[in-house]
Amino acid sequence: MDPSALSGVHIGPLQEGERVTLADMKGHRHSLVLEAGKSFHTTKGALSHDEIIAGPEGVVVRTVGGAEFTVFRPLLHEYTVGMPREAAVIYPKDAAQILMWADIFPGARVLEAGVGSGALSLYLLRAIGPTGHLHSYERRPEFAEVAQRNVADFLGAEHPGWQVSIGDLVTSICDEPVDRAILDMLRPWDCIDAVAERLVPGGVLCCYVTTTTQLGRVADQLRAHGGFTEPDLSETTVRQWHAEGLAIRPGHGTSAHTGFLVMSRRMAPGVMAPLKKRRPAPGAYGADYHGPLPRSVAPEHLAANRARDEDDSEQIAPAVRKALRRPR
Ligand SMILES: C[S@@+](CC[C@H](N)C(=O)[O-])C[C@H]1O[C@@H](n2cnc3c(N)ncnc32)[C@H](O)[C@@H]1O
C-alpha cells in the first residue's frame, strides 16, 4: 500500500478539484479549489485557474495589475486553522504535543471526544495511518457533520478506520479496547470512569482543557479514580522570531493562551497507582474545595487542612471587621 495513502498529501502537478493557497507578499492568504475555466478576482485584476492547473506547486502567478501570489497546496496545519468550523479547534502547537506525548502510532486504536470541527481527528487519522482505527464521539450532530465534511475534503476519500458516533461519550461509548484516548470537551472528568474501562493497561489518556479550574478538576478526578498514574500537566507556548540583518527580535504576533494538556497512563486492572508521599499544600483541599478527593488525601490531612482554614479565617476576621469600620 502507498505509505502516504489517506494522509491528504498530494504530490505532482496540480489537478482540477484540488485546494491551493494563494499568498501575497503582505501575508494575506486565499484558499481556492481549482476549476477549469474559472477565475480568482483581486482588486488588481483576475487570475485564471487554468494558469495553475497542471503546473507545479511553488510557482508565482501575476494578475494584469501586477499583484503576485505564491501557489502551494495547504499543509495540514494550515488547512485546520482555515477550514469551516462550528466549535473551536485544537491549534497545531497543541496537536503536535498531543501526538508526541499521547504516543499516537501507526495502527493505533484511538478514542476521541468530542469531534468538534474535526481538526484533531485529521491529525490523529494521519498519525494512525491507513491501518489504525479512530472512534470519534460527538454529542452535537451538526458539529459532527461539519467535521466529517472537513475530514473528507482534506483526505479526498473516506478513511476506512474512522468511525463517528453521535451521542454523549458516557452513554454511547462502545465496548472496545483502545490504546489511546483523547478528550477535548468541557467536562472530561465526567468521562474518566467510562474511558478507564476501555483503555488498555499502559494506554495513554490525554485531556485538553482551556481553563485552570478544568485543569485542577481533571487532575484531582484522575487521582481520585486511582487507576491512573499521577497526571503530568503542561502548557505549550511558541514564540515566533523575526530575523532580518541585525534586526533579530521576537515577532510581534505572540500566540495567546490556548489550553493545557493533562497526560496520564492507565494502570493494570485492579492495580492502584502508588500514593503520593507528600502531604497536600496547606489550603489545597480546604473548606472552599468541593471537587473530587485524591486517594492520597487521608482523612486526618483533610481535617487538619480544614481546621487550618478555619483558624486563618478566625484570625483574618477581626482585622477585616476593623478595616470595614474605619471611616472612608
Ligand atoms: C472544543 S470542541 C472539540 C474540537 C476538536 N477537538 C477539534 O480539534 O476540532 C468540543 C466538542 O466536544 C463536544 N462534547 C462535549 N462534551 C461531550 C461529551 N460528553 N460527549 C461527546 N461530545 C462532547 C462538544 O459538543 C464540542 O463539539
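- For the chain, the name recorded in an unreviewed UniProt entry is tRNA (Adenine57-N1/adenine58-N1)-methyltransferase, with Propionibacterium cyclohexanicum as its organism.

**Some details on the overall build of the chain**
- Counting secondary structure elements, the chain contains eight helices and 15 strands.
- A compact globule built from 328 residues would reach a C-alpha radius of gyration of about 20 Å, whereas the chain, at 26 Å, exceeds it by more than 25%.
- With the C-alpha coordinates of the chain rotated into their principal frame, the extents come out at 80 × 60 × 40 Å.
- Counting the 328 residues in the chain, one finds 30% classified as buried.
- Nonlocal contacts in the chain, meaning residues at least 24 apart in sequence, comprise 63% of its contacts between residues at least 6 apart.

**Re the domain arrangement of the chain**
- Here the domain parsing of the chain yields domain 1 (19-74), domain 2 (78-265) and domain 3 (284-328).
- Using only C-alpha atoms to locate each centre, domain 1 and domain 2 end up separated by 33 Å.

**Side note on the sheet that holds strand β1 (residues 19-23)**
- Strand order in the open sheet formed by four strands is β2-β1-β6-β5, with antiparallel pairing between adjacent strands. A strand with exactly one partner marks an edge of an open sheet, and here the two such strands are β2 (29-33) and β5 (59-62). Across the sheet, the mean angle from the axis of one strand to that of its neighbour is 30 degrees, orientation sign disregarded.

**Brief notes about the nonpolar core**
- Ranked by internal contacts, the top residues of the largest apolar core, which has 55 residues, are Val 110, Leu 124, Cys 206 and Val 262.
- Ranked by residues supplied to this core, first place goes to helix α3 (residues 119-128) with eight residues.
- Leu 14, Ile 52, Phe 69 and Val 71 belong to the second largest nonpolar core, which has six residues in total.

**Things to note about the sheet that holds strand β12 (residues 232-235)**
- Taken in spatial order, the seven strands make up an open sheet running β9-β8-β7-β10-β11-β15-β12, and their pairing is mixed. Each edge of the open sheet carries a strand with a single partner, namely β9 (162-166) and β12. In this sheet, neighbouring strand axes are inclined to one another by 15 degrees on average, regardless of whether the strands run parallel or antiparallel.
- Judged from the four bridges that link them, β12 and strand β15 (residues 260-265) form a sheet pairing that is antiparallel. If you follow Asp 232 over to β15, its bridge partner there is Met 263.

**Quick word on the packing of α3 against helix α4 (residues 141-155)**
- At their nearest, the axes of α3 and α4 sit 9 Å apart, and the two run at 40 degrees to each other. When the axes of α3 and α4 are compared, the pair comes out oblique. Seen from above, α3 lies across α4 with right-handed handedness. Of α4, the residues touching α3 (which contributes Ser 121, Leu 122 and Leu 125) are Ala 147, Val 151 and Phe 154.

**Overview of helix α2 (residues 92-101)**
- Every buried residue of α2 is accounted for by Asp 94, Ala 95 and Ile 98. In an axial view of α2, the angular spread of the buried residues amounts to 100 degrees, which keeps them on one side of the axis.
- Each element contacted by the buried residues of α2 is listed here: α3, β10 (178-184), β11 (199-209) and β15.
- One or two residues past the end of α2 sits Asp 103, with phi positive at roughly 60 degrees.

**Observations regarding helix α7 (residues 212-225)**
- The terminal C-alpha atoms of α7, which comprises 14 residues, lie 20 Å apart, in line with the 20 Å expected from a rise of 1.5 Å per residue.
- Those residues of α7 lying buried are Gln 214, Leu 215, Val 218, Ala 219, Asp 220, Gln 221, Leu 222, Arg 223 and His 225.
- Residues of α7 that are buried make contact with α6 (192-198), β11, β12 and β15.
- Directly after α7, the chain includes Gly 226, whose backbone phi takes a positive value near 95 degrees.

**A short note on the site of the ligand**
- Taken together, 22 residues surround the ligand, and among them Gly 114, Gly 116, Ala 119, Leu 169 and Met 185 come closest.
- Elements that contribute at least two residues to the shell around the ligand include exactly α3 and β8 (133-138).
- Looking at the shell around the ligand residue by residue, the class counts come to 13 nonpolar, four polar and five charged.

**Some points on unusual backbone geometry**
- A cis amide bond, omega -15 degrees, links Ala 113 with the succeeding residue Gly 114.
- Following the sequence through the fold, Gly 114 ends up in the loop between β7 (109-113) and α3.
- Of note in the backbone geometry, Ala 54 takes a positive phi value of approximately 80 degrees without being a glycine.
- Of note, Ala 54 is situated in the loop between β4 (45-48) and β5.
- Ala 54 sits in the exposed class, given 12 other C-beta atoms within 10 Å.
- Phi at Asp 103 is positive, roughly 60 degrees, even though this residue is not glycine.
- Along the polypeptide, Asp 103 turns up in the loop between α2 and β7.

Definitions and limits used
Residues numbered from 1 in each chain as written. Predicted model: local features only at pLDDT ≥ 70, side-chain atom pairs only at ≥ 80, totals over all residues. Helix = DSSP H or I, 4+ residues; strand = E, 2+ residues; numbered from the N terminus. Rg over C-alpha atoms; globule rule 2.2 N^0.38 Å. Buried ≥ 20, exposed ≤ 12 C-beta atoms within 10 Å, placed from the backbone. Contact = placed C-beta atoms within 7 Å. Domains from an automatic or database assignment. Pairing = 2+ DSSP bridges. Axes fitted to C-alpha atoms, helices over the stretch in contact; angles between N-to-C directions. Core = buried A, V, L, I, M, F, W, Y, C linked by C-beta atoms within 7 Å. Parallel < 35°, antiparallel > 145°, perpendicular 65-115°, else oblique. Left-handed = near helix turned anticlockwise from the far one by under 90°. Arc of directions from axis to C-beta. Expected span 1.5 Å × (residues − 1). Near = placed C-beta within 6 Å. Nonpolar A, V, L, I, M, F, W, Y, C, P; charged D, E, K, R; others polar.

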